Amino acid sequence: MLNKSKVLFIVLFTLFSFVVNAQKKKITHNDYNSWKGLSSSKISNDGKWVSYEINPQEGDGYIYLYNNIDNQLDSIARGFKGKFSPSNNLFVFKMKPYHDTLTTKRRAKVKKDLLPKDSLAIYNLKSNEITKFPRVKSYKLPKKAGNWVAFQHEKPLPKKDTTSKAKKSKLKKPSSDFGMLVVSNPNDDKSYEFNNISEYSFSDNGNLLGMIYQAKDSIDRTAVIVFNTLTQKTDTLFSADGKSKKITVDTKGNQVAYLFSQDTIKNKIYKLAYHNLLNKNRDYTIDGQTQNMPIDWTVSEFGKISFSKSGKRLYLGTAKTPTPEVKDTLLPEEKVSIDIWNWKDNYLQPKQLIDAKKNKEKSFLAIFYPEKQKFVQICNETIPNASYDKKIDGQYILTYSDIPYQYLSQWDISGYDDYYLTNVKDGKSKKIFTKLSGRLSLSPDQKYIAWYNKTDSTWNLYNVKKENSINLSSELVDIPFYNEENDMPITPGSYGIVGWLPKDEGFLVYDKYDVWKFDPKGKKKPYNLTQGFGRKNNIKFRYISLNPDDIYVKPEGALFRAFNEKTKGYGYYTLSNGKVNEQLAGGFLFSYPKKAKNSNKIIWTKQNFEVYPDLHVSTLDFSDIKKISNTNPQQKDYNWGTVELFEWESFNNQQLQGLLYKPENFDPNKKYPMLVYFYETYTERMHYHYLPKPIRSVINFPYYLSNEYIIFIPDIKYRVGYPGKDAFNAILSGVQALTTKYHFIDKEKMGIQGQSWGGYQVAYLVTQTDIFAAAMAGAPVSNMTSAYGGIRWKSGLNRMFQYEQTQSRIGGTLWEKPAHYIENSPLFFAPKIKTPLLIMANDNDGAVPWYQGIELFVALKRLQKPVWMLNYNNAPHNLSRRADCKDLTVRMQQYFDHYLKGKPAPEWMIKGVPATEKGKNFGFKLINEKADNK
């Protein structure tokens, strides 16, 4: 039994907890900027130092530097884009100008060139000294070694010209378009300056800095300069009249390549120049006359130029030789602007227009071999694409083409390609697969190609030498390698390849839960590396690659990230001797960690709804864990919330799950209004942390919880052909189960909100039920029959594929299943709607045509139903401008507060805002209708 003192303590503690919670503040719209975000975390190669940024949503942030040895934490105001030098001696970062100063000058219409600019700071970690440089545009560090830093200032400010006849000071154009380039070694206190540098690039080992000098008087003048950081000497490799660009240096700093043109016209013809700094006799130029260059082709100015890791190959792009532009002599009134749609075109005109620039700048992969001074064309207009790894100098490159299937891709998004094995020695290609949906994986030693066959859900292997394929997983009939969660009318893909073992001795793939090892020779049976532990315990394992330079996968002793389907929690596991061992797990979402290159130190975050994802540092075995950031300490002062898993049985007898959020100061004896939000399945996000901030399109969970709403997010399971009914079965059954079990939910004060696919389903649901007191549908499709033939304007694709194969889940064409399109379209049932509806439909929505919102709004307006539509001008599918986000946040809150809390409605809801008052009156003022009526 409890004694009296213990009972008294419990009562007092409970009372104290209630008082503390009661004293906590509610989040308001004015509080958003006090919540900050952590980003850009980095760890030095030796693991001693960690950096990260913490920035407010608006205003000046900080960059932090943590010493992992003495646990000291420093912060520098307005710092960002920090990097550690590969030698661990320097920390380099930029500094923004003061936010208020910049904003004031922008409001004063100060010209862009005259606005305050970023600065550069170099923190010497040995001497603990910081050196700052004003007006810095960019900086670079070597990737692998060295203490050198190169940074370029902004172009010079214009100077006052006092020589004008009017004797008035004017701004004289700067003498150069490029600011001074400084090359510095802070450890040795050495620094060099270069003028008129347009581009610069370090070798990975830091031994060489390549630069392009570009100046203009009456004509363009160019030079290519290299600075040797070992000897600290400068050498000019090339100089001429003309223009150079895209300088690149090999890993060791022994080779340099760039583009050069002497043309003065817009459509310049470029050559590629190659220099061998160890043997100038090997210098070479590639142009339209180079042996093996296709006829009427040359080096493309738009192609990427890069050396392989070994330096034995130089990758470049080629294309048809540019033709001089035709001078336009027509007057504006004489010009015709027209798009011609042809049924034989592979792509519709909207997609062609969107892709026009990309297609004009399309280049095709080629390889130059410096040692043999040999050029080989790899891709062409028939086989335009390639997949290769610059770390591997193999005999083959995988090339592929979707050209035969571009016409089909307008309504079938399976993504078909013909695949070829192209010999890099002579550029000859051999087709190995026709109309394959999915990506191939060429083994590092190039003995095999792994691929997944969607038609029979098996993993297969192509033997490069024998030129035949074998099925490796056909005997595993009880193991589904296809996406088990796919509920769309399209053949599911796989869970993906983990990678290849050393010497091509095996390759690893995922099923839903576990990791499998396949023998490329087909002699050994497939082996479950995680021993079925994942499937048995409903835990999904995913391999963590901690070294970006790795070519092979090394599973023994490796770290795996895991997701527990039952608890929705994440964790870290290691694999040892065929057993998975838990290192760290729980009711959190753990990030993919970052490892120090030369140390066993790692950094990572953990979060759940109540815990911000602050940064942690530990050893690789998760001993000596330290939390090194404290991003939002003010959260403790606010009424927050909690989340729990809720399970129920749907109307069609499915076992479903959802997330139930309650305010932190929850009182089971009170009645709370409830907001229902959803988007397909959401329970995997149970441990996501959300910041209070202006919304882009959906409710902000912390804000509504802090202001004493309940939030429910049900998962939805779909069948083909019935997206509306399946949403009804899941959502309404979940709401019914909740309100039956819990009496703290006010059944008369429930609202529902969704965006995009969720917006469509909100619009559908209010045609089927009137249990909601208010509904908000963002970017809804209201009429599937008209949306079916519409365009996704951002991509230029037509919308047919969505209904036939993906999210809309109709599973057939409009003429094959007209009844399904009508039955799932809210517009046809508009007279049944009794729920007040708020719509957002933006006129620059690239996913859902905004006329879908107009169709529903006009129908409800005609039917005299309470409906409002928000059209944020030139705004995308989800709002991006912060001003728009703030506006929507307030309007949605006012809307739900009115219908679910009985608060006065705003002017924009009662009286509207006439177009004549646009931009002047936003209608936020609350109106007491009863008082007004009196």
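Residues numbered from 1 in each chain as written. Predicted model: local features only at pLDDT ≥ 70, side-chain atom pairs only at ≥ 80, totals over all residues. Heavy atoms only, no water.

1. Observations concerning the sheet that holds strand S16 (residues 208-216)
Then comes step 1: The strand order across the open sheet built from four strands is S15-S16-S17-S18, with neighbouring strands paired in antiparallel fashion. Taken across any chain shown, the strands that pair with only one partner, and hence form the sheet edges, are strand S15 (197-202) and strand S18 (233-241). Averaged over neighbouring strand pairs, the angle between their axes works out to 15° when direction is ignored.
Then comes step 2: As paired strands, S16 and strand S17 (residues 220-228) are joined by nine bridges and run antiparallel to one another. Each bridged residue has a counterpart across the sheet, and for Met 211 the counterpart in S17 is Ile 225. (Pairing = 2+ DSSP bridges. Helix = DSSP H or I, 4+ residues; strand = E, 2+ residues; numbered from the N terminus. Axes fitted to C-alpha atoms, helices over the stretch in contact; angles between N-to-C directions.)

2. Overview of the packing of aromatic side chains
Then comes step 1: Tallying each qualifying case throughout the model produces 69 aromatic pairs.
Then comes step 2: A ring pair is formed by Tyr 803 and Tyr 821, whose centres lie 5.9 Å apart and whose planes are at 45°; its orientation type is tilted. Of the two residues, Tyr 803 is situated in helix H9 (residues 800-804) and Tyr 821 in helix H10 (residues 818-823); the sequence distance between them amounts to 18 residues.
Then comes step 3: Classification of Tyr 803 as buried rests on a relative accessible area of 0%.
Then comes step 4: Connected via pairs of aromatic rings, a cluster forms that spans Trp 35, Phe 609, Tyr 638, Trp 640, Tyr 661, Tyr 677, Tyr 682, Tyr 688, Tyr 690 and Phe 701.
Then comes step 5: A cation over an aromatic ring shows up here: Lys 662 above the ring of Tyr 742, its NZ or CZ 5.5 Å from the ring centre. (Phe/Tyr/Trp six-rings, centres within 6.5 Å; stacked < 30°, edge-to-face > 60°. Buried < 20%, exposed > 50% of the residue type's maximum accessible area, 1.4 Å probe, protein only. Lys NZ or Arg CZ within 6 Å of the ring centre and 35° of its normal.)

3. Observations concerning the pattern of salt bridges
Then comes step 1: In the structure shown here, the tally under the stated rule is 36 salt bridges.
Then comes step 2: Where Glu 664 meets Lys 24, a salt bridge forms, and the shortest distance between an N and an O atom there is 2.5 Å. Residue Glu 664 is located in the loop between strand S50 (655-663) and strand S51 (672-677), and its partner Lys 24 is located in the loop between helix H1 (4-23) and strand S1 (36-43); the two are separated by 640 residues in the primary sequence.
Then comes step 3: The residue Lys 245 makes a salt bridge to Glu 301 at a minimum N-O spacing of 2.9 Å. Remark: Glu 301 occurs in the loop between strand S23 (297-299) and strand S24 (306-307) and Lys 245 occurs in strand S19 (residues 243-249); sequence separation between them is 56 residues.
Then comes step 4: According to the relative accessible area criterion, Glu 301 is buried, its value standing at 18%.
Then comes step 5: Linked by salt bridges that have partners in common, Glu 485, Lys 512, Lys 540, Glu 565 and Glu 684 make up one network. (Salt bridge = Lys/Arg side-chain N within 4 Å of Asp/Glu carboxyl O.)

4. Comments concerning the sheet that holds strand S2 (residues 49-56)
Then comes step 1: The sheet built from four strands is open, its strands ordered S1-S2-S3-S4 with antiparallel pairing. Only two strands of the sheet have a single neighbouring strand rather than two, namely S1 and strand S4 (72-77). Here the strands of the sheet are splayed against their neighbours by 20° on average, with no regard to which way each runs.
Then comes step 2: As paired elements, S2 and strand S3 (residues 62-67) share six bridges and run antiparallel to each other. The residue of S3 that forms the bridge with Tyr 52 is Tyr 64.

5. Section: helix H3 (residues 349-360)
Then comes step 1: Helix length check: H3 (12 residues) gives 15 Å between terminal C-alpha atoms against 16 Å at 1.5 Å per residue, within 8%.
Then comes step 2: Among the residues of H3, Gln 349, Pro 350, Lys 351 and Asp 355 are the ones counted as buried.
Then comes step 3: In the core, the buried residues of H3 are packed alongside strand S55 (791-792) and strand S56 (797-798). (Expected span 1.5 Å × (residues − 1). Contact = heavy atoms within 4.5 Å.)

6. Here we look at the environment of Tyr 592
Then comes step 1: Relative to the assigned elements, Tyr 592 resides in the loop between strand S44 (589-590) and strand S45 (594-595).
Then comes step 2: Among the residues examined, Tyr 592 registers a relative accessible area of 43% and is labelled partly exposed.
Then comes step 3: Placed 47 residues apart in sequence, Tyr 592 and Ser 545 show a C-alpha to C-alpha distance of 9.0 Å.

7. Brief notes about the confidence of the model for the protein chain
Then comes step 1: For the protein chain, mean pLDDT is 94; residues scoring 70 or higher make up 95% of the total.
Then comes step 2: A low-confidence stretch, residues 4-20 stays under pLDDT 50, and its non-local contacts, those more than four residues away or across chains, total two contacts. (pLDDT = per-residue confidence, 0-100.)

8. Regarding the environment of Asp 393
Then comes step 1: One can find Asp 393 in the loop between strand S28 (385-387) and strand S29 (396-401).
Then comes step 2: Measuring from C-alpha to C-alpha, the distance between Asp 393 and Phe 364 comes to 19 Å, with 29 residues separating the pair along the chain.
Then comes step 3: A polar contact is formed between the side chain of Asp 393 and the side chain of Ser 310, at a distance of 2.3 Å. (Polar contact = N/O pair within 3.5 Å; in protein donor to acceptor, adjacent residues only side chain to side chain.)

9. Brief notes about the nonpolar core
Then comes step 1: Counting residues in each nonpolar core, the largest one holds 57 residues, and the members touching the most others are Tyr 661, Ile 699, Phe 701, Tyr 704, Leu 888, Tyr 895 and Phe 896.
Then comes step 2: If you tally residues by element for this core, the top one is helix H12 (residues 882-901), at seven residues.
Then comes step 3: One finds Ala 763, Met 784, Tyr 803 and Tyr 821 within the second-largest nonpolar core, a separate group that totals 52 residues. (Core = buried A, V, L, I, M, F, W, Y, C linked by side-chain atoms within 4.5 Å.)

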